[in-house]
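# Inside the fold
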Amino acid sequence: MVKWLSASLACLGLSTLTNAQYRNSTQIGSADCPGYRVVSTQNRGNAIYSRLTLRGQPCNQYGKDVKDLILKVSYESSRLQVKISDAEKKHWEVPADFLSPDKKFRTKTPMKHLLEFTYQKNPFSFTVKRKDTGEVIFDTTGHRLVFEDKYLELSSALPENANIYGLGEVVDTFRRNPADTIQAMWARDVADPVRENLYGAHPFYIELRDGKAHGVQILNSHGMDVILANKSVAYKAIGGVLDFSFYPGSDAYEVINQYTATVGRPHQIAYWSLGFHQCRYGYVDIDEVEGLVKNYSLAMIPLETMWTDIEYRDMFKDFTLDPINYPLDRVQKFVSKLHKDGQQYVLIIDPAIVRNESYPAWTEGIKQDVFIKNPDGSTYIGQVWPGYTAFPDWFAPNTERWWTTQIANFVKDVAIDGLWIDMNEPASFCVGSCGSNRTGIPPYPWMDPDYKPDVPQTFPEPPYAIHNAYGNLSMKTVSTEAVHHGGLTEYQVHNLYGHMEAIITRKSLLAIEPKKRPFLLGRSTFAGSGAHEGHWTGDNWSTWEQLKYSISGILSFQMFGIPYAGADICGFNGNTTEELCLRWMQLGAFYPFARNHNGKGNIGQEPYLWESVADASRKALHTRYEILPYIYTQFQHAHELGRPVWRPLAFEFPKDQEMLDNDVQFLVGPGILASPALTEGATTVDAKFPEGIWYDYYTWSAVNGHTKQILAAPLNGHLPLHIRGGHIIPTQEPSSTVSQSRKNPFSLLVALDEQGNAEGELYLDDGQSIEVGKKFSRITYRATSRGILANGHFGYRSGVVLKNITILGIKAQPNQVKVNGHTVSHDQLSYDADKKTLIIAQLNVSMDKPLRVTF
């Protein structure tokens, strides 16, 4: 495919540039632009408005300088907003209704008391600082402000060797290189290269300074570069406005709380989605899919959800089934059996709709005028899997109704449990509107040595070329000249396309089943996408390097407010090995979204194909399903407060210098530390333990923190996990499906800290309803060396019991144990003096009532 891209660019007189070539080019520029001065200021309610005007002759470096600007500064409940826009309002801004702010959110301290905005009048510059410490967190003094019709630039000073996290989507380390990072924001269909722009655009970062955190976001859907270099962060956009939000936080989690309160809280997930998923591009027919589900069962490996890639469709058309390989009656029987067995079925969907007069999605789409247009008003025709295709225009007024109808008609026949949106950057295989004068089904360009793109458009590039790794912005996507409803161009809204599709698809699923939580997974994302969907990190590779990078990728999406995220386990592109797949199954079993997914033409990588991988998978998934109540509770915290499900050690221990760039370990919630083996041939892991006391999840032996340990990690063992002292982990006896597991008894794993205390929480509901009202339970657990107390709201009737309690770090065997006032018999108690562990067994008390245990 790369060869085809190069050839296509050559046909157009274009070329790709490497990042090194970009850095050596004239892109960054240093023209002597005049900047702006403040000419007037007025207060309007909670906002300050200032008018800015050019200080001298325009430099017109990458376009025409805008003479007059409006500065708006407002202190909102979740952020300080600083927006610089053109006075004539000609520049496109992201609509407010594309975000889903939490209107109930209020910081404990008003934003005016947390941050202070000050500015210099001539030349205009501004600073944002913390009021409590006076620390400046954003300072444009001495940096250029350029505001042109097709180029905006603003920079801020950074400390030496700044600790910056975020700025995605990208395959890179979690902590970004503060001296040499050029992150382009241009959604791109590409197979997970390192340090290049990928599927989504998230120009948001968190910075840690001296143990405190703050966040900075720019809201702009145009292409842009965010550059970390020379002790500064520079924003260079090819249009739009400079709409900054500053989040004072205090710690990183409060920053994410404030950020998601602004752009949209993560959606409330369905409980079943936390089970294990299996997919492959290349399951040729329903027989193979049925056999795979059976093989999982025979291997006694849990399988919650079966997925099918594009081969289920008739000639790859959305909303169809291949009548030969996936006949309707067979698929219906298969899905019915899955549901009977407590399992689910998810199908892929692409935005591209094939041009075919016998295809209802096309004919109805044309009739309702829902597709993106060429500049001359004709329908834009690209090329995707089914051939020459049109692309839904999510701005068009009829698109939502049309899209909902297509999905509703399909799910009447096939009772799927969710949708997986792919290719929504949007991806197109040809250059420009290439099928306007062509018919039939074309060969894929990378398979046709004589391919020459039909180019009815000129593909003008903006004067400032962002560091899009394909070079020209129209490559492998819809042309920047394509037109959306209202005269908007793809140039303006490209980075929003996948986000817009997620919004409308979620609405469609809710229209079909209003009371059920939709399941939606998407590839191209933007600020606030987590309110509508989860995300997988795209077409990764079966390599040890990508195994490691999967951790930082998932940690970044926790920051972006998309906690339901995962990478293709064992890798999508290329052939895995037995050892790599084993290690990936061990790690992937703890991804928030855990799915084994493979590419067409590669060797099989279902975990039961190797006995060693099957054994490792059974062990790892046993632990995942065991801690599902704890994980589900973390997702509820994410839904309510944006709290990450996976937590980077840098955010949890920001004052510990050794944790600031640690992206090979992570926390599941606040209480479970994972230390995976990530290199070929490894049988041990060099693990760093932060402050505190940590208990081995499997053996309960204790490790005192602020230390390094070499942990055993044999191939036939477990991924090393440790429970953090001070935390209580609710667990449940695992079964092969989530629905079966939810019926099993609970246990509590109580890990006392050095002072003999611990606490935890459990959230329970039916796991699928949109509105739970008071039909949920939120149980708070508190433990000391003298007992355990469980209290809270008990609105959900689980009907299950608490069977066992294990207490780690209890220094002496209690003389007597009482549960709800009743003495526990000695044969129910077991104390290990060496490990300082007490087990209280066979309690069988209700989970739906308060609990009191005394020693």
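Our subject is the structure listed above.
Because the structure is a prediction, the values reported are computed rather than measured.

On to helix 12 (residues 611-626). Each α-helix turn comprises 3.6 residues. Residues three or four places apart therefore point the same way. Between its terminal C-alpha atoms helix 12 stretches 22 Å, which fits the 22 Å expected from 16 residues at 1.5 Å a residue. All of the buried residues in helix 12 are Val613, Ala614, Ala616, Ser617, Ala620, Leu621, Thr623, Arg624, Tyr625 and Glu626. In this structure, the buried residues of helix 12 make contact with helix 11 (578-588), helix 13 (628-641), strand 37 (721-724), strand 38 (727-732) and helix 15 (738-741).

Next up on the list: the sheet that holds strand 28 (residues 568-569). Hydrogen bonds between backbone groups are what pair the strands of a sheet, and the pairing can be parallel or antiparallel. Here 9 strands make up an open sheet; going across it, the order is 27-26-25-24-20-19-18-29-28 and the pairing parallel. Sheet topology places strand 27 (565-566) and strand 28 at the edges, where each strand pairs with a single neighbour. Bridge analysis of strand 28 against strand 29 (residues 595-598) gives 2 bridges, and the strand direction is parallel. Residue Asp568 lies in a different strand from strand 29, and its bridge partner there is Arg595. In the packing of helix 4 (residues 286-299) onto the sheet, contacts are made with strand 18 (277-280) and strand 19 (305-308), and the angle to strand 19 comes to roughly 155 degrees.

What follows deals with the pattern of salt bridges. Should their charged atoms come close, side chains of opposite charge can pair. Within this structure, the stated rule accounts for 41 salt bridges. Here Asp68 makes a salt bridge to Arg51, at a shortest N to O gap of 3.9 Å. Of this pair, Asp68 sits in strand 3 (residues 68-75) while Arg51 sits in strand 2 (residues 47-54), and the two are 17 residues apart along the sequence. Residue Asp68 is classed as partly exposed on the basis of its relative accessible area of 23%. Notably, a salt bridge pairs Asp102 with Arg265, separated by 3.0 Å at the nearest N-O pair. You can see Asp102 sitting in the loop between strand 4 (80-86) and strand 5 (115-121) and its partner Arg265 sitting in the loop between helix 3 (252-263) and strand 18, a full 163 residues away along the chain.

Looking at where Gly705 falls in the secondary structure, it is placed in the loop between strand 35 (702-704) and strand 36 (707-712). As a C-alpha pair, Gly705 and Trp385 span 320 residues in sequence and 53 Å in three-dimensional space. The residues touching Gly705, leaving out its near neighbours within four places in the chain, are Phe689, Pro690, Glu691, Gly692 and Trp694.

It is worth spelling out the side chain of Ser474 at this point. Within the secondary structure, Ser474 is located in the loop between strand 24 (418-421) and helix 8 (490-493). Take Ser474: its relative accessible area is 1%, and that puts it in the buried class. Within the local environment of Ser474, its side chain forms a polar contact with the backbone nitrogen of Thr480, the two atoms lying 3.1 Å apart.

On to the sheet that holds strand 23 (residues 387-390), then. As summarised here, the arrangement of the 3 strands in space is 21-23-22, forming an open sheet in which the pairing is antiparallel. Of all strands in the sheet, those with a lone pairing partner are strand 21 (353-354) and strand 22 (382-384), marking the two edges. Pairing analysis gives 2 bridges linking strand 21 to strand 23, with the strands arranged antiparallel. Its bridge partner lying in strand 23, Ile353 is registered against Ala390.

Before going further, it helps to examine the packing of helix 11 against helix 12. Running from amino to carboxyl end, helix 11 crosses helix 12 at an angle of 5 degrees, the nearest separation of the two axes being 8 Å. For the element pair helix 11 / helix 12, the angle class is roughly parallel. For the pair formed by helix 11 and helix 12, the contact residues are Glu578, Cys581, Leu582, Met585, Gln586 and Gly588 on the first element and Ser612, Val613, Ala616, Ser617, Ala620, Leu621 and Arg624 on the second. Its residues assigned to classes, the contact of helix 11 with helix 12 comprises 7 nonpolar, 4 polar and 2 charged.

Criteria and cut-off values
Each chain carries its own residue numbering, running from 1 in the direction its sequence is written. This being a predicted model, a pLDDT of at least 70 is required before a residue's local features are given, and a value of 80 or more before pairs of side-chain atoms are given or counted; all residues contribute to the totals for chains, interfaces and linings. The basis for every side-chain value is the complete set of non-hydrogen atoms in the structure, without hydrogens or water. In DSSP terms, a helix is any run of H or I states spanning at least four residues, a strand is any run of E spanning at least two, and both are numbered starting from the N terminus. To estimate how far a helix should reach, multiply one less than its number of residues by 1.5 Å. The cut-offs for exposure are 20% and 50% of the maximum accessible area for each residue type, with area from a 1.4 Å probe on protein chains only; residues under the lower value are buried, those over the upper are exposed, and the others partly exposed. The criterion used for residue contact is that any of the two residues' heavy atoms lie within 4.5 Å. By this definition, two strands are paired if DSSP reports at least two bridges between them. Only the stretch in contact is used when fitting a helix axis, every axis being a line fitted to C-alpha atoms; angles between N-to-C directions are given from 0 to 180 degrees. Salt bridge, as used here, is a side-chain nitrogen of Lys or Arg placed within 4 Å of a carboxyl oxygen of Asp or Glu. Counting of polar contacts relies on pairs of N or O atoms within 3.5 Å, with two restrictions inside protein: one atom must be capable of donating a hydrogen and the other of accepting it, and residues adjacent in sequence are counted only when both atoms are side-chain atoms. Working rule for angles: under 35 degrees goes down as roughly parallel, over 145 as roughly antiparallel, 65 to 115 as roughly perpendicular, anything else as oblique. Polar here means any residue outside two lists: the nonpolar Ala, Val, Leu, Ile, Met, Phe, Trp, Tyr, Cys and Pro, and the charged Asp, Glu, Lys and Arg; Gly therefore counts as polar.

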